[in-house]
Each structure stands twice: as C-alpha cells, then as structure tokens.
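Next come the chains, spelled out residue by residue.
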Amino acid sequence: MSPERHSKTSLSAVLLDLDDTLYPESDFVRGGFHAAAELLAQRLSQDTEELFGLMMTQFQRGIRGSVFDAILFELKVPREPALIEELVRAYRSHEPQLTMFPDAEWLLPMLWPRYALGILTDGPAEVQRRKVKALDLQHRVEAIVYSDDFGREQWKPSPIPYLELLRRLHIDPSHAVYVGDNPKKDFVGARRLGLQTVRIRRPNTEHGHVEPQSGFEADHEITTLKSLPDWLTANTRSERHAA
Ligand SMILES: [Mg+2]
C-alpha cells in the first residue's frame, strides 16, 4: 500500500433555502395581501383591488410587519387588534399559488442523482409547509427542516436546524453546501459549522442588492442556479490523507 494517497473529498449534499432561492417570495406576498384585502373589503365595504394596491404600495415602500397598521391608519379606520389579527391570519393561511424559478425547476433533477438534497427554511412553520406543498417540493428533496419547529430563537443562523438537516441526510457538515439568498442570515451560521456556502443573487428580490457585513458573506456567489452543478464539481476539494 502506498504510504499516502490523494483522495477527493466530494461535496455530497446540497442544502437549499426556500424563499427567493427556489421560488419568488413576492408571489406569496401578493397572494397573502390579496386574501387580506378581500377580508378588509368586506368589512369596510370598499374595493378589494384598491385595498390590495394600498397594501402593495406600503410593501414596496419597505414596510415589513406593520402593513395592516399602516393601511388602517391611511384609511382612518380605528386600529382594532382583533381586526389586525384577522388580517394577519388571512395573509398567512391563504392557499398560495406559487411557481418555481425556472433555474430552480431545472436544478433539482440535475442534482438528484449525485447529491443528497435538503431544504432548510425559516418562517412560521405552518406557512412554510403550505409553500412547500404548493410547490410540491416534499417529493423532490430527501428532507425538509422547518427551523420554526424548534422555536423562533432557532431560526437561521442558529446551528440547530442545519445540524438537524445534516443528521437526517446522514451527511457531515464538511460534505455539504448551503445555497441561499439572504446574506443577513443564510451563510454566517452555516460557515461556522463548516459547510460551504453559495449565494444566489437575484436582482429583483428582497436581498438581491444587499451587501453583506463582514463575516456574513457566502464563499461564492452566482446569479443563476444553472451555474451550481459546475461549481459543485469544480469545488470538490482534493485532500491528502495519510494511509
Ligand atoms: Mg431566502
């Protein structure tokens, strides 16, 4: 036996973010606001499309988490907590009509034969499960972890959901890559665990133009998931092992 050998440490698992990585989250947002606008239109005897337009305007202004408060203020309607709760429920519980990004649709069957595939997603678990179902993703990857199942404090970048996904796939962190779009949380925790990280930068999405703080960068950036298989192959690391 030779005293040492060169062997390839292959990346054998691809872990994927969901929102704005595999499908446009704005489609979910639009559907949610439409459901809320329908409810509010009934209550106020106003036009659904007009209310929907007001909600989208607030959203496009960068308002997050308080769009309904802003709308009621704008309409001079008293802010009743029960009404806000109903609107939030309508938003979250609507049955979404979602479509994968074309490059994501292309990617999954490309990777399937060679890599273990998993999804790790933040957000209210029941909402995220509805998105997965709408995209029929439960049949297209081997494991899906909803960080919210471990509590709000275990959303990314907590290591807990990454480790759970790796455990389910029987993969060591050094053999996995996490692919996501949000430099605020997708890569910093994954890198600490020893995963490699790839950022998909989509210009028309929430985080497409966000410049990461130091330490929050991904190892690599791409603008289409069509580049990922070549990167995976090229990035397979050669390591020298003592025999
Ligand atoms: Mg995302």
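Residues numbered from 1 in each chain as written. Predicted model: local features only at pLDDT ≥ 70, side-chain atom pairs only at ≥ 80, totals over all residues.

Participant: Which parts of the structure should I look at to understand the packing of helix α1 (residues 25–44) against helix α4 (residues 81–93)?
Facilitator: The angle between the axes and the distance between the axes are what describe a pair of packed helices. Put simply, α1 and α4 touch, their axes get as near as 7 Å, and they point 140 degrees apart. As far as their axial angle goes, α4 and α1 are oblique. Of the two possible hands of crossing, α1 and α4 adopt the one that is right-handed. Contacts between α1 and α4 involve G32, F33, A35, A36, L39 and L40 on the former and, on the latter, E86, L87, A90, Y91 and R92. (Axes fitted to C-alpha atoms, helices over the stretch in contact; angles between N-to-C directions. Helix = DSSP H or I, 4+ residues; strand = E, 2+ residues; numbered from the N terminus. Parallel < 35°, antiparallel > 145°, perpendicular 65-115°, else oblique. Left-handed = near helix turned anticlockwise from the far one by under 90°. Contact = placed C-beta atoms within 7 Å.)

Participant: So what exactly am I meant to see when it comes to the nonpolar core here?
Facilitator: Membership of the largest hydrophobic core comes to 40 residues, with the highest contact counts inside it found for A13, V14, L15, L165, A176, V177 and V179. Within the residue set of this core, elements represented by two or more residues are β2 (13–16), α5 (102–111), β3 (116–121), β4 (143–146), α7 (159–169), β5 (176–180), β6 (196–200) and α9 (228–234). In this structure, F33, A36, L40 and M55 belong to the second largest nonpolar core, which totals twelve residues. (Core = buried A, V, L, I, M, F, W, Y, C linked by C-beta atoms within 7 Å. Buried ≥ 20, exposed ≤ 12 C-beta atoms within 10 Å, placed from the backbone.)

Participant: Any chance you could explain the sheet that holds β4 here in plain terms?
Facilitator: Adjacent strands of a sheet pair through backbone hydrogen bonds, lying either parallel or antiparallel. The sheet built from six strands is open, its strands ordered β4-β3-β2-β5-β6-β7 with parallel pairing. Since the sheet does not close on itself, it has two edges, and those belong to β4 and β7 (220–222), each with one partner. Taken pair by pair, the neighbouring strands of this sheet meet at an average axis angle of 25 degrees, ignoring direction. Where β6 and β7 come together, three bridges link them in parallel fashion. (Pairing = 2+ DSSP bridges.)

Participant: Just checking my understanding: could you explain the packing of α1 against helix α2 (residues 48–60) for this structure?
Facilitator: Between α1 and α2, the least distance of the axes is 8 Å, while the angle of their chain directions is 135 degrees. Taken together, the axes of α1 and α2 are oblique relative to one another. The two elements α1 and α2 meet at a crossing, and its hand is right-handed. Contact residues: α1 offers V29, F33, H34, A36, A37, E38, L40 and A41, while α2 offers T48, L51, F52, M55, M56 and F59. Residue composition of the contact of α1 with α2, grouped by class: eleven nonpolar, two polar and one charged. (Nonpolar A, V, L, I, M, F, W, Y, C, P; charged D, E, K, R; others polar.)

Participant: Explain the domain arrangement of the protein chain here, please?
Facilitator: When the parts of a complex come together, some accessible area is lost, and that lost area is often taken as the interface size. You can read the domains of the protein chain as domain 1 (4–24 + 98–242) and domain 2 (27–93). Between the C-alpha centres of domain 1 and domain 2 the distance comes to 32 Å. (Domains from an automatic or database assignment.)

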